[in-house]
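Residue-level listing of the chains:
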Amino acid sequence: SGAYDVQMDWIKRQLAAHADGIRRAESPMAALAHQSFAMVRDKIFDVVNNDFGDGYLCLVGGIQINLPVPMEDHFLPCTFEM
């Protein structure tokens, strides 16, 4: 489609600096997933505001691993911040 996707554009720009390292990694798809997670995690930590009162803010992040049928998908937890 010819539609402009702002989120995908941001992802591509962020990943561009890491493309060679990802390409040379033993498992490029795993390296791509981990780099993608790290850049989104860093952006979330940059913008999150926990100055909202007396409560707590819990951030859970990870990588969704989609597997073919008949296997079940998995979630790899990578961060838990409170």
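Here the residue numbering is sequential within each chain, running from 1 through the sequence in written order. Local features in this predicted model are restricted to residues whose pLDDT is 70 or higher, and side-chain atom pairs enter the listing and the counts only when it is 80 or higher, whereas totals over whole chains, interfaces and linings include all residues. Only hydrogens and water are set aside; all other atoms, that is, all heavy atoms of the structure, feed into the side-chain values.

Next up on the list: the layout of surface pockets. Approximately 180 Å³ is the volume found for the largest pocket. What lines the largest pocket is simply Ser36, Phe37, Val40, Arg41, Ile44, Phe45, Leu59, Val60, Gly61, Gly62 and Thr79. Each helix is a run of DSSP H or I of at least 4 residues and each strand a run of E of at least 2, with the numbering of both proceeding from the N terminus. The set of elements that each furnish at least two residues to the lining of the largest pocket consists of helix H3 (28-47) and strand E1 (59-65). Of the residues forming the lining of the largest pocket, the biggest block, six residues, is contributed by H3. Buried and open spaces are told apart on a 1 Å grid over the protein atoms alone, a cavity being a set of points where a 1.4 Å probe fits but cannot get out and a pocket being an open set with protein on both sides within 12 Å along at least five of seven lines. Residues with an atom within 4 Å of a point are the lining residues. Grid points are joined across faces, edges and corners, and a volume is the space filled by probe spheres set on the points.

Here we take up the confidence of the model for the protein. A residue's pLDDT is simply how confident the predictor is in it, with values from 0 to 100. Considering every residue of the protein, the mean pLDDT works out to 90; 96% of them sit at 70 or more. Across the protein, element-level confidence peaks in helix H2 (residues 19-24) with a mean pLDDT of 96 and bottoms out in helix H1 (residues 6-16) with 90.

A word on the pattern of salt bridges. For this analysis, a salt bridge means a side-chain nitrogen from Lys or Arg found within 4 Å of a carboxyl oxygen belonging to Asp or Glu. Summed over all chains, the structure comprises three salt bridges. Of the charged contacts in the structure, one is a salt bridge between aspartate 20 and arginine 23, with a shortest N-O distance of 2.8 Å. Here aspartate 20 and its partner arginine 23 are both found in helix H2, three residues apart, which amounts to about one turn of the helix. Only protein chains enter the accessibility calculation, which uses a 1.4 Å probe. A residue is then buried if its area is under 20% of the maximum for its type, exposed if over 50%, and partly exposed in between. A residue is classified by how much of its surface remains accessible, and aspartate 20, at 47% relative accessible area, is partly exposed. In this structure arginine 23 comes out as exposed when scored by relative accessible area, which is 56%. A salt bridge links aspartate 42 to arginine 41; the nearest nitrogen and oxygen atoms lie 3.0 Å apart.

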